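One letter stands for each residue in the lines below.
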Amino acid sequence: MWVIGGVAAQIASVAALREANSRSSRSAWLVGGISLYAISIWLISQQLGFELGLTWALVTISAIAYFLILHPFLRAQEIGHQRIPARVKKMPAPPSGSKARLALRLFSAGPLYLIASLGLSLLIATKPWAIEITRLFTGGLLVPLFWSFGALHATVDPNLWRVALAPVLITIFSAGVHFLI
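The notes below deal with the structure included here. (Residues numbered from 1 in each chain as written. Predicted model: local features only at pLDDT ≥ 70, side-chain atom pairs only at ≥ 80, totals over all residues. Heavy atoms only, no water.)

Considering the nonpolar core
- Val-14, Tyr-37, Ile-41, Ile-44, Leu-54, Ala-57, Leu-58, Ile-61, Ile-64 and Leu-142 together form the largest nonpolar core, which totals 10 residues.
- Where this core is concerned, the elements lending two or more residues are helix H2 (26-48) and helix H3 (50-75).
- If you tally residues by element for this core, the top one is H3, at five residues.
- In this view, Ala-57 contacts Gln-10, Tyr-37, Ile-41 and Ile-44; residues no more than four positions away in its chain are not counted.
- Ala-109, Tyr-113, Ala-116 and Val-163 belong to the second-largest nonpolar core, a separate cluster that totals six residues. (Core = buried A, V, L, I, M, F, W, Y, C linked by side-chain atoms within 4.5 Å. Buried < 20%, exposed > 50% of the residue type's maximum accessible area, 1.4 Å probe, protein only. Helix = DSSP H or I, 4+ residues; strand = E, 2+ residues; numbered from the N terminus. Contact = heavy atoms within 4.5 Å.)

Considering the packing of aromatic side chains
- Tallied over the entire structure, the rule returns one aromatic pair.
- A centroid spacing of 5.8 Å and a plane angle of 90 degrees characterise the contact between Trp-2 and Trp-42, whose relative ring orientation is edge-to-face. Pair noted here: Trp-2 is in helix H1 (residues 2-22) and Trp-42 is in helix H2, with a separation of 40 residues, a long-range link.
- Taking relative accessible area as the criterion, Trp-2 reaches 40% and is therefore assigned partly exposed. (Phe/Tyr/Trp six-rings, centres within 6.5 Å; stacked < 30°, edge-to-face > 60°.)

Structural notes on the pattern of salt bridges
- Applying the stated criterion across every chain yields a total of one salt bridge.
- The residue Asp-157 makes a salt bridge to Arg-162 at a minimum N-O spacing of 2.7 Å.
- In this structure Asp-157 comes out as buried when scored by relative accessible area, which is 9%. (Salt bridge = Lys/Arg side-chain N within 4 Å of Asp/Glu carboxyl O.)

With respect to the side chain of Arg-135
- Checked against the element boundaries, Arg-135 lands in helix H6 (residues 132-156).
- Polar side-chain contacts of Arg-135 include one of 3.4 Å to the backbone oxygen of Thr-126.
- Residues within four places of Arg-135 in sequence aside, it is in contact with Ile-124, Ala-125, Thr-126, Lys-127, Pro-128, Trp-129 and Ala-130. (Polar contact = N/O pair within 3.5 Å; in protein donor to acceptor, adjacent residues only side chain to side chain.)

So, helix H5 (residues 99-126)
- Counted at 1.5 Å a residue, the expected span for H5 with its 28 residues is 40 Å, and the 39 Å between its end C-alpha atoms agrees.
- At Tyr-113, H5 is bent by approximately 40 degrees, the largest bend along its length.
- The set of residues buried in H5 consists of Arg-105, Ser-108, Ala-109, Gly-110, Leu-112, Tyr-113, Ala-116, Ser-117, Gly-119, Ser-121, Leu-123 and Ala-125.
- In this fold, the buried residues of H5 make contact with H6 and helix H7 (160-180). (Expected span 1.5 Å × (residues − 1). Bend = angle between axes of the 7 residues up to and from the residue.)

Details of H7
- In a regular helix each residue adds 1.5 Å, so 21 residues correspond to 30 Å; H7 covers 30 Å between its end C-alpha atoms and thus fits that length.
- A maximum bend of about 30 degrees is found in H7 at Ala-166, where proline Pro-167 lies one to four positions downstream.
- Among all positions in H7, only Leu-160, Val-163, Ala-164, Pro-167, Ser-174 and Val-177 are buried.
- Residues of H7 that are buried in the fold lie against H5 and H6.
- Where H7 begins, one side-chain oxygen reaches toward the backbone nitrogen of Trp-161, 2.9 Å away; that side chain belongs to Asn-159.

Describing the packing of H1 against H2
- Relative orientation of the contacting elements H1 and H2 amounts to 165 degrees, with a least axis distance of 8 Å. Compared by their axis directions, H1 and H2 come out roughly antiparallel. Here H1 and H2 pass one another in a crossing that is left-handed.
- Partitioning the contact of H1 with H2 into residue classes produces 16 nonpolar, nine polar and two charged. (Axes fitted to C-alpha atoms, helices over the stretch in contact; angles between N-to-C directions. Parallel < 35°, antiparallel > 145°, perpendicular 65-115°, else oblique. Left-handed = near helix turned anticlockwise from the far one by under 90°. Nonpolar A, V, L, I, M, F, W, Y, C, P; charged D, E, K, R; others polar.)

Structure (structure tokens):
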């Protein structure tokens, strides 16, 4: 029963976070969505225990988010380029301004943030905070999450110094913490 309540809270959390993306007053929706997700972790952990509850909360929130994102596409009558309005079909100019800056952004979004996300996930997977299978499972699930946050940062942030240095500093931090603990 706790797990069903947790999944319901996750559905409401994803809906609130999607609403935060579409509204101008984002902070209330964002805090509400994150709070609902924290409540869902607590609810699922009440039945399964903290370690297994946290792992299942990560798995179910991903499945719920994929379903809510893909649901409009599954109901669509037409799929493809014809559905895009003519004003949107034109590609906008790249915000970076030059090919070298764009190449640096892509290099940062790709291999640099992949290495940083692997470092953070290995830190989670190898340090003794839970039983081994839970650590490995959680660390493996967090790689694409961290990498997608990094790729989003690399494509959105206008400051190229932050784009290039952030993944390097994250990698150094995770390696330092790994060897200190």
